Amino acid sequence: MAATAVATRVGPAADGPASPAFHDVPSLVATLGSKLRPENVLNCYVLGSTSINGAATAASDLDVVLVVTDDAPALSKWRNQQWLRTHGWIGNQSRPHAFEGFQRDYAGCDAYDVWVYTLSSFRQLLAEGAPFAMECASLEGPNAVWKLSVPLDPVQCAPEQVIRGVCVASLLHLYRAGLEFACKPDPAGRGGKKLQCSALKIEPWNLYKSKKTLFFSLRLLEYGAQLLEHGKIVDRTSIVAAKRALLAVEGGEWEDHMAVYQGLHAAGLRRLEEAAAAHAPGIEGPLDLLCTEDGCYNPPPKQVTCHCEYCAAR
């Protein structure tokens, strides 16, 4: 019988982020306790603040992406791409059959999250401009890349698809954060509102995680600009100041966070627009790619507002 993955935290939380009891591919695979073997793992990427010097906090966990052979056993059960859609990492505008045969799996606890993709599925994500896949393929250095058997080009699609991918994910994360703040418990601690009109899944109220969701919305715009300019993400530290600014907002009010977010978002969008003008001529406004005659990508309830030219003219 496979061993059960245990959330083992090491190190004083007051001094920095807690860490699970693994630090490389063999120890990670042993901790997961599945039929997966180290030789099945082709690439191992460490995302998030724990792999960026000075970015992690006491609340940071470890985010790991494994790219495995197509014949590798699942940790528990192979799943399709739907989770990525409902959590705002890819949109609904993929090409027909883009994710045919897609396989992903997951294992996690308080200390870590491990996402597993077969190599062919990860290549599908890159072909569709999935931002987190392009981030993984951009990573360098021992803190961020624990194993690299199959180097992958971060950008494997047209500039327009890169822009669409980061803008869709950015807007969806902003929208998710709005839904989370709308559903937070009242001051007495009673449960928040139930919103059933969104296909996006939101987690139980956690202010820190909702701040992170807002930060991801900003980070995606910066990463999109770098992908257009350099063909990969070259600097993950330049956007850390935005995370600190959001974490510094006191209280749990949406309006207070928006007062900080909106200026950062405007600057990030200008930066992406400048990169698009230089490297993707013909695209006047990246958010215009999201909203078409078929409707706005940001459906009600409008905790957030899309400001693209199409929506502004309606």
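Everything in this summary refers to the structure shown in the same document. (Residues numbered from 1 in each chain as written. Predicted model: local features only at pLDDT ≥ 70, side-chain atom pairs only at ≥ 80, totals over all residues. Heavy atoms only, no water.)

## Some points on the pattern of salt bridges
Here comes step 1: Following the criterion strictly, the structure yields 7 salt bridges and no others.
Here comes step 2: Asp105 serves as the salt-bridge partner of Arg79, at 2.6 Å between the closest nitrogen and oxygen. Of this pair, Arg79 sits in the loop between β2 (62-68) and α2 (82-86) while Asp105 sits in strand β3 (residues 104-108); the two residues are 26 residues apart in sequence, bridging distant segments of the chain.
Here comes step 3: For Asp105, a relative accessible area of 0% puts it in the buried group. (Salt bridge = Lys/Arg side-chain N within 4 Å of Asp/Glu carboxyl O. Helix = DSSP H or I, 4+ residues; strand = E, 2+ residues; numbered from the N terminus. Buried < 20%, exposed > 50% of the residue type's maximum accessible area, 1.4 Å probe, protein only.)

## A look at the sheet that holds strand β5 (residues 145-148)
Here comes step 1: The 5 strands are arranged β3-β4-β2-β1-β5 in an open sheet whose pairing can be described as mixed. Of all strands in the sheet, those bounded by a partner on one side alone are β3 and β5. Across the sheet, the mean angle from the axis of one strand to that of its neighbour is 20 degrees, orientation sign disregarded.
Here comes step 2: Inspection of the sheet shows strand β1 (residues 41-47) paired to β5 by 3 bridges, in the antiparallel sense. (Pairing = 2+ DSSP bridges. Axes fitted to C-alpha atoms, helices over the stretch in contact; angles between N-to-C directions.)

## Here's the deal with the nonpolar core
Here comes step 1: Tyr45, Tyr117, Phe122, Leu125 and Leu214 are the most contacted members of the largest nonpolar core, which has 58 residues in total.
Here comes step 2: At 9 residues, helix α6 (residues 207-230) tops the list of elements feeding residues into this core.
Here comes step 3: With sequence-adjacent residues up to four places away left out, Leu125 is seen in contact with Leu84, Ile90, Phe99, Phe102, Tyr117, Ala130, Phe132 and Ala133.
Here comes step 4: In this structure, Leu66, Leu75, Ala111 and Tyr112 belong to the second largest nonpolar core, which totals 20 residues. (Core = buried A, V, L, I, M, F, W, Y, C linked by side-chain atoms within 4.5 Å. Contact = heavy atoms within 4.5 Å.)

## Details of the packing of aromatic side chains
Here comes step 1: Counted according to the given criterion, the structure contains 12 aromatic pairs.
Here comes step 2: Plain terms: the ring middles of Phe99 and Phe102 are 5.4 Å apart, the flat faces sit at 85 degrees to each other, and that makes the pair edge-to-face. This pair shows no difference in class: Phe99 is buried, exactly as Phe102 is. (Phe/Tyr/Trp six-rings, centres within 6.5 Å; stacked < 30°, edge-to-face > 60°.)

## Describing helix α4 (residues 131-138)
Here comes step 1: When you tally the buried positions in α4, you get 8 out of 8 residues, the bulk of the element.
Here comes step 2: Restricting attention to buried positions, one finds in α4 the residues Pro131, Phe132, Ala133, Met134, Glu135, Cys136, Ala137 and Ser138.

## Comments concerning the side chain of Thr86
Here comes step 1: Locating Thr86 in the fold gives a position in helix α2.
Here comes step 2: Polar contacts involving the side chain of Thr86 include one to the main-chain carbonyl oxygen of Trp83, which spans 3.2 Å.
Here comes step 3: A polar atom in the side chain of Thr86 sits 3.2 Å from the side chain of His87. (Polar contact = N/O pair within 3.5 Å; in protein donor to acceptor, adjacent residues only side chain to side chain.)

## What to know about empty space enclosed by the protein
Here comes step 1: Applying the stated criterion across every chain yields a total of 2 cavities of 30 Å³ or more.
Here comes step 2: Of the voids in this model, the second largest cavity is the one considered here, and its volume is about 40 Å³.
Here comes step 3: Lining the second largest cavity we find Trp89, Pro131, Phe132, Glu135, Arg219, Leu220 and Tyr223.
Here comes step 4: Only α4 and α6 provide two or more residues apiece to the lining of the second largest cavity.
Here comes step 5: The residue inventory of the lining of the second largest cavity, partitioned by class, reads 5 nonpolar, no polar and 2 charged. (1 Å grid on protein atoms, 1.4 Å probe; cavity = no way out; pocket = protein on both sides within 12 Å on 5 of 7 lines; lining within 4 Å. Points joined across faces, edges and corners; volume = space filled by probe spheres on them. Nonpolar A, V, L, I, M, F, W, Y, C, P; charged D, E, K, R; others polar.)

## Focus on the packing of α4 against α6
Here comes step 1: Two elements in contact, α4 and α6, have axes whose closest approach is 11 Å; the angle formed by their N-to-C orientations is 55 degrees. As the angle between them shows, α4 and α6 are arranged oblique. In the packing of α4 onto α6, the handedness of the crossing is left-handed. Two secondary-structure elements touch here, α4 through Pro131, Met134, Glu135 and Ser138 and α6 through Arg219, Leu220, Tyr223 and Leu227.
Here comes step 2: Tallied by class, residues from the contact of α4 with α6 come to 5 nonpolar, 1 polar and 2 charged. (Parallel < 35°, antiparallel > 145°, perpendicular 65-115°, else oblique. Left-handed = near helix turned anticlockwise from the far one by under 90°.)

## Observations concerning the pairing of strand β4 (residues 112-118)
Here comes step 1: β4 sits mainly inside the fold: 7 of its 7 residues count as buried.
Here comes step 2: Of the two faces of β4, the one carrying Tyr112, Val114, Val116 and Thr118 and the one carrying Asp113, Trp115 and Tyr117 are both buried.
Here comes step 3: Pairing of β2 with β4, which is carried by 7 bridges, proceeds in the parallel orientation. By the bridge assignment, Asp63 is partnered in β4 with Asp113.
Here comes step 4: Judged from the 5 bridges that link them, β3 and β4 form a sheet pairing that is antiparallel. If you follow Gly108 over to β4, its bridge partner there is Asp113.
Here comes step 5: Hairpin connection between β3 and β4: a loop of 3 residues separates the two successive antiparallel strands.

## Points about helix α8 (residues 254-279)
Here comes step 1: Its 26 residues give α8 an end-to-end C-alpha distance of 35 Å, which sits within 8% of 38 Å, the value for a rise of 1.5 Å per residue.
Here comes step 2: Tyr261 marks where α8 bends most, by close to 30 degrees.
Here comes step 3: Trp254, His257, Met258, Tyr261, His265, Gly268, Leu269, Leu272, Ala275 and Ala276 are the residues of α8 that are buried.
Here comes step 4: Residues of α8 that are buried sit in contact with α5 (159-182), α6 and α7 (240-247). (Expected span 1.5 Å × (residues − 1). Bend = angle between axes of the 7 residues up to and from the residue.)

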